Amino acid sequence: MATTPGILTEWPWTPLGSFKHVVVAPWIIHSTYSYFANDEEDKDLSYFLIFPLILWRFVHNQLWISLSRYRTAKGNGRIVDKGLEFEQVDRERNWDDQILFNSILFYLGSRHLPGASNLPMWRTDGVILTILLHAGPVEFLYYWFHRALHHHFLYSRYHSHHHSSIVTEPITSVIHPFAEHIAYFILFAIPMLTTIFTGTTSVAVYAGYLTYIDFMNNMGHCNFELIPNWLFTIFPPLKYFMYTPSYHSLHHTQFRTNYSLFMPIYDCMYGTMDKSSDSLYQTSLTRREESPDVLHLTHLTTPESIYYLPQGFVSLASRPHTSTWYLWLMWPLTLWSMMITWIYGRTFVVERHRFDELKLQTWAIPKYSLQYFMKWQSEAINGLIEEAILDAEEKGVKVLSLGLLNQGEELNRYGGLYVQRHPHLKVKVVDGSSLAVAVILNSIPKGTTQVVLRGNLTKVAYAIAYALSQKGIQVATLYQAEHLKLTKSLNGTKSNLIVAKSYAQKIWLVGDGLTEKEQMRAPKGTLFVPFSQFPPKKLRKDCFYHYTPAMKTPASLENVHSCENWLPRRVMSAWRVAGIVHALEGWKEHECGYTMSNSDKVWQASLVHGFQPLTIITAHTKN
């Protein structure tokens, strides 16, 4: 929102919320019906093609979002080295408003403007006229209008909303109040209306001009430099007719320079070009890929999880993971994404952060959760993880946390397989089990004397049972086989391990393998505390569900603008936090395989560095 919002700030369909797209539904239905229902001589192809153009603009913008977030996470070519935050993501969530607005006007124009219907696919004279009108009147008028927007009266009421984003994303380009978009449409309509009134318009004029505007807008705000230097070397005058991402980024950091739309010639003519434009361009262009200090390895969960990545849909990535019905409609794209990950078959950068002096990155293994439980996939998965570890070693990474990759004993012996194969690794491999255990222990309400432990018996489960037994808390299992495994593993503490004779206990520590039937048998008011990385399905409204082992991150952790799976904002899994703490403390040992760090030591270190436990209100914590 602008500093002091003026009139026509809000979009007309804001009250509709996520249902705003229905405003174009009548036009889409009418154009489609009229095309297929009318006789051949009455069909208006140009009217029908407005809907595919709408879809193309959505796809075009999304491609830029994905590319920008991927490239800025890697670091090569990055311009402004600062992070995004949730506030900016929320402000820019409605980037598609301008597409809806333009679409309505195109539909109205096609129906009511003389010469705007039954357009030919191509007219060369119309294309040339559009280019000339854009380079002349549109660019010139935009320059002076933009300068006017930076006058304190208009800036505080309108344009400050756009400039709230210092670190820009492609979609920042269209984040303006409604009144500004009205002015922009009038400006960009000059070439289109002129071609209509002169009888030289065509489908290519509309589609090509809109694609050009979207392309240049997205490129100018993408925050990484991609225009090669040889282009300006071959044709030096081009620098006056095509801006670069670094050129426009200076406008967002300096505010009073580089006002031009896409052609810097007007800044040169009127003396508003930033003197550092050329040097920033060269610096950004030669910036190399960033080498992190701490690397977090994860993997895709479900086929739809690709949309929840930071490179996916912004609205989904910035919220805890929940099932969304409309993703089922995208199954062809989902299938293609699975095929691409299968063919590409390489680990890719997901996001980056900065904490104190540490540079953090997250990499994803192109494998899905289901594949981790297929024995025939084990060799391929271990190969990818091992390759990522060796790549991290080569890049000088200090600590690598395994995250979701720490699936169990059979796959890679809790990560110990890689250390065994490469005993001289300088990068410290951390599975985070000790902090996960500490988080669970500190999530159990004070005064608890007995808990139920149910789920697959992992390294974390055994450690929890041992720690609770040491504290004198009884650990009940539901099955004799689990009890025997625990007693065999824990030896001298088996006196505190029992087989539950009823379902009376109200504190359940649960992992993968908890069945729906078992969950339904728990008494009313039970607190389910997950010790696995995947939460149980919430079947009971009369019970409480804690988060999976995780901690709140300090405010000084930069560039946090997406949620980690199903966790709330600015919350990280304990397995991930453990890697950061390991690096901050400078610990020299690995924590993987069957080796665990001291849970109390890791817990205290996490608190010292500003990570905080998560709490939920339950019947057990109210008193």
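Residues numbered from 1 in each chain as written. Predicted model: local features only at pLDDT ≥ 70, side-chain atom pairs only at ≥ 80, totals over all residues. Heavy atoms only, no water.

Draft legend 1. Fine view of helix α6 (residues 124-149). Its 26 residues place the ends of α6 35 Å apart at the C-alpha level, agreeing with the 38 Å of an ideal helix rising 1.5 Å per residue. A maximum bend of about 40° is found in α6 at H134, where proline P137 lies one to four positions downstream. For α6, the complete set of buried residues consists of G126, T130, L133, H134, V138, E139, Y142, Y143, H146 and L149. On its buried side, α6 packs onto α7 (152-157), α8 (178-197), α9 (203-220), α11 (245-254) and α12 (265-269). (Helix = DSSP H or I, 4+ residues; strand = E, 2+ residues; numbered from the N terminus. Expected span 1.5 Å × (residues − 1). Bend = angle between axes of the 7 residues up to and from the residue. Buried < 20%, exposed > 50% of the residue type's maximum accessible area, 1.4 Å probe, protein only. Contact = heavy atoms within 4.5 Å.)

Draft legend 2. Main features of the UniProt feature "domain: Fatty acid hydroxylase" (unreviewed entry) in the protein. Taking the UniProt record as the reference, the feature "domain: Fatty acid hydroxylase" (unreviewed entry) is found at residues 134-272. Each end of residues 134-272 is marked by a C-alpha atom, and these two atoms are 20 Å apart; helix forms 58% of the span and strand 0%. (UniProt positions renumbered as here; feature names shortened; annotations may be inferred.)

Draft legend 3. Main features of the pattern of salt bridges. Per the counting criterion, the structure on display carries 26 salt bridges. With a closest N to O distance of 3.1 Å, R111 and D44 form a salt bridge. Of this pair, R111 sits in helix α5 (residues 97-112) while D44 sits in the loop between α1 (25-37) and α2 (45-48); the two residues are 67 residues apart in sequence, bridging distant segments of the chain. Bridged by salt links that share partners, the residues R78, D81, R287, E290, R352 and R354 form one connected network. (Salt bridge = Lys/Arg side-chain N within 4 Å of Asp/Glu carboxyl O.)

Draft legend 4. Molecular detail of the pairing of strand β10 (residues 527-530). Burial of the side chains of β10 extends over both faces: L527 and V529 are buried on one face and F528 and P530 on the other. The pairing of strand β9 (residues 507-510) with β10 spans 4 bridges and is parallel. Considered in β10, the bridge of W508 is made with F528. Once the chain exits β9 it traverses helix α22 (residues 516-521) before rejoining the sheet at β10, and the crossover so formed is right-handed. As defined by bridge partners, β10 adjoins strand β11 (residues 544-545) across 2 bridges and the pair is classed as parallel. Residue pairing across strands places L527 opposite F544, the latter belonging to β11. (Pairing = 2+ DSSP bridges. Right-handed = clockwise from strand over helix to strand, strands pointing away.)

Draft legend 5. Structural context of the packing of aromatic side chains. One pass over the structure, following the stated rule, counts 32 aromatic pairs. Ring geometry for F528 against Y545: centres 5.1 Å apart, planes inclined by 20°, an arrangement best described as stacked. Highlighted residues: F528 in strand β10 and Y545 in strand β11, separated in sequence by 17 residues. Side by side, F528 and Y545 carry an identical accessibility label, which is buried. (Phe/Tyr/Trp six-rings, centres within 6.5 Å; stacked < 30°, edge-to-face > 60°.)

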